[in-house]
Amino acid sequence: MIDETALTVLLTADQLRDRVRELAAEINTSYPTGRDPHLVTVLKGGFIFLADLVRALDRPVTIDFVSVASYGTGTRSSGVVTLATDFEIDITDRDVLIVEDIVDTGQTLSWLLDTFRARHPRSLRTVSLLDKRSRRTAEVDIEHVGFTIEDRFVVGYGLDYAEQFRHLPYVAVLDQTPQHPSERHTDSLRR
Ligand code: IMP
């Protein structure tokens, strides 16, 4: 158990609220009337971002969730990902917007984009609240990014370390930097 004194606030609740509103405005203008987006979130980390985003979007949307399992050798992510929980709603011919909490190496998003594309959505875009661009090992296009952050391990606003800290209304750097997630998982469910 790590206590909250190990945390340094990086993004306050006010900063998150303001940026989510801006992202919602951006997303609104990128989908014409009659083309309401279908938001698909990857569990569990994106649940708070999704909840705030849908309330800031001034239009009807539909939502769905998937969960993924990623596999590694113990020291490095292999980039091998599978869908642990599949879509409930068929995405064929829908305007799909993937809602991510954080893109790090990009391996998960790269795999998701390929998997989603194979199901023939009408359009496919991504919004990620956080982007750790310097860690990228897979090329991915992210149409909407909330904040680009340094290579630090962050928690809060849905993001966890070992299932702790998801409830925090802000994003904080965990000072006792844990092993990076892509380096700690072996055959384990992400998030
Ligand atoms: P990827 O490396 O882009 O495939 O990201 C894999 C996943 O690792 C992300 O979706 C998060 O669930 C998790 N992750 C990466 N960086 C962090 C972090 O700083 N805090 C919490 N989770 C993270």
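About the criteria used
- Residues numbered from 1 in each chain as written.
- Predicted model: local features only at pLDDT ≥ 70, side-chain atom pairs only at ≥ 80, totals over all residues.
- Heavy atoms only, no water.
- Helix = DSSP H or I, 4+ residues; strand = E, 2+ residues; numbered from the N terminus.
- Buried < 20%, exposed > 50% of the residue type's maximum accessible area, 1.4 Å probe, protein only.
- Contact = heavy atoms within 4.5 Å.
- Areas by Shrake-Rupley, 256 points an atom, 1.4 Å probe, with all protein chains shown as cover.
- Pairing = 2+ DSSP bridges.
- Right-handed = clockwise from strand over helix to strand, strands pointing away.
- Salt bridge = Lys/Arg side-chain N within 4 Å of Asp/Glu carboxyl O.
- Arc of directions from axis to C-beta.
- Core = buried A, V, L, I, M, F, W, Y, C linked by side-chain atoms within 4.5 Å.
- pLDDT = per-residue confidence, 0-100.
- Expected span 1.5 Å × (residues − 1).

Student: What is the right way to read the overall build of the protein chain from this model?
Tutor: When its secondary structure is counted, the protein chain shows four helices and ten strands. What you see in the protein chain, going N to C, is helices and strands ordered as β-α-β-α-β-β-β-α-β-β-β-β-α-β. For the protein chain, the proportion of its 191 residues judged to be buried stands at 51%. Taking as baseline every contact in the protein chain between residues at least 6 positions apart, the subset at least 24 positions apart corresponds to 69%. With the model as given, the accessible surface of the protein chain reaches about 9300 Å², and the carbon-plus-sulfur share is 49%.

Student: Explain the pairing of strand β6 (residues 123-131) here, please?
Tutor: The side chains of a regular strand alternate between the sheet's two faces. Burial within β6 is extensive, with eight of its nine residues counted as buried. As judged from the eight bridges shared by strand β5 (residues 95-103) and β6, these two strands associate in the parallel manner. The partner of V96 across the bridge, within β6, is L124. In the classification by handedness, the crossover that spans β5, the intervening helix α3 (residues 107-117) and the parallel β6 is right-handed. The sheet contact formed by β6 and strand β7 (residues 144-148) spans four bridges and is parallel. Looking at the pairing, D131 lines up with T148 of β7.

Student: I'm lost on the pattern of salt bridges in this one. Help?
Tutor: Per the stated rule, a full pass over the model turns up 15 salt bridges. Two residues, E22 and R19, come together in a salt bridge whose shortest N-O distance is 2.7 Å. Of this pair, E22 and R19 are both found in helix α1 (residues 13-30), three residues apart, which corresponds to roughly one turn of the helix. Take E22: its relative accessible area is 44%, and that puts it in the partly exposed class. By relative accessible area, R19 is classed as buried at 18%. One salt bridge connects E26 with R19, and the closest N-O pair in it is separated by 3.8 Å.

Student: Can you walk me through unusual backbone geometry in this structure?
Tutor: Negative phi is the rule for most residues except glycine; trans is the rule for most peptide bonds. Cis geometry is found at the peptide bond from L43 to K44, where omega equals 0°. For E163, which is not glycine, the phi dihedral falls at a positive 70°. Note that E163 resides in the loop between β8 (154-155) and β9 (171-174).

Student: What am I meant to see in α3 here?
Tutor: Taken as a whole, α3 has its buried residues at T108, L109, L112, L113, T115 and F116. Angularly, the buried residues of α3 cover 165° about the axis, an arc narrow enough to put them on a single face.

Student: Sorry if this is basic, but what is going on with the nonpolar core here?
Tutor: What tends to happen in soluble globular proteins is that the nonpolar side chains get buried as a cluster. In this structure, F49, L53, V127, L129, L130, V154 and Y157 are the most contacted members of the largest nonpolar core, which totals 26 residues. Counting residues per element, this core draws most heavily on α1, which supplies five residues. If near-sequence neighbours (up to four positions away) are discounted, V127 is found in contact with L23, I27, F49, L53, L97, I98, V99, E100 and H144. V66, F87, V96 and L112 belong to the second-largest nonpolar core, a separate cluster that totals 18 residues.

Student: When you look at the confidence of the model for the protein chain in this model, what are you seeing that I'm missing?
Tutor: The predicted coordinates of low-pLDDT regions are not to be read in fine detail. The share of residues in the protein chain with pLDDT of 70 or more is 87%, and the mean pLDDT across the chain is 89. Under a pLDDT of 50 for its full length, residues 184-189 has, in the predicted model, 19 contacts with residues more than four places off or in other chains.

Student: Is there a simple way to explain the sheet that holds β8 in this structure?
Tutor: For sheets, the rule is that strands pair by backbone hydrogen bonds, running either parallel or antiparallel. Read from one edge of the open sheet, three strands run β1-β9-β8, paired in antiparallel fashion. Here the strands that pair on one side only, and so sit at the sheet edges, are β1 (7-11) and β8. Bridging between β1 and β9 involves four bridges; their strand directions are antiparallel. Its bridge partner lying in β9, T8 is registered against V173.

Student: Is there a simple way to think about α1 in this case?
Tutor: Residue pairs three or four apart in sequence face the same way in an α-helix, which turns once every 3.6 residues. The terminal C-alpha atoms of α1 lie 26 Å apart, and with 18 residues this matches the ideal 26 Å at 1.5 Å per residue to within 8%. Where α1 is buried, its residues contact β1, α2 (47-56), β5, β6, β7 and β9.

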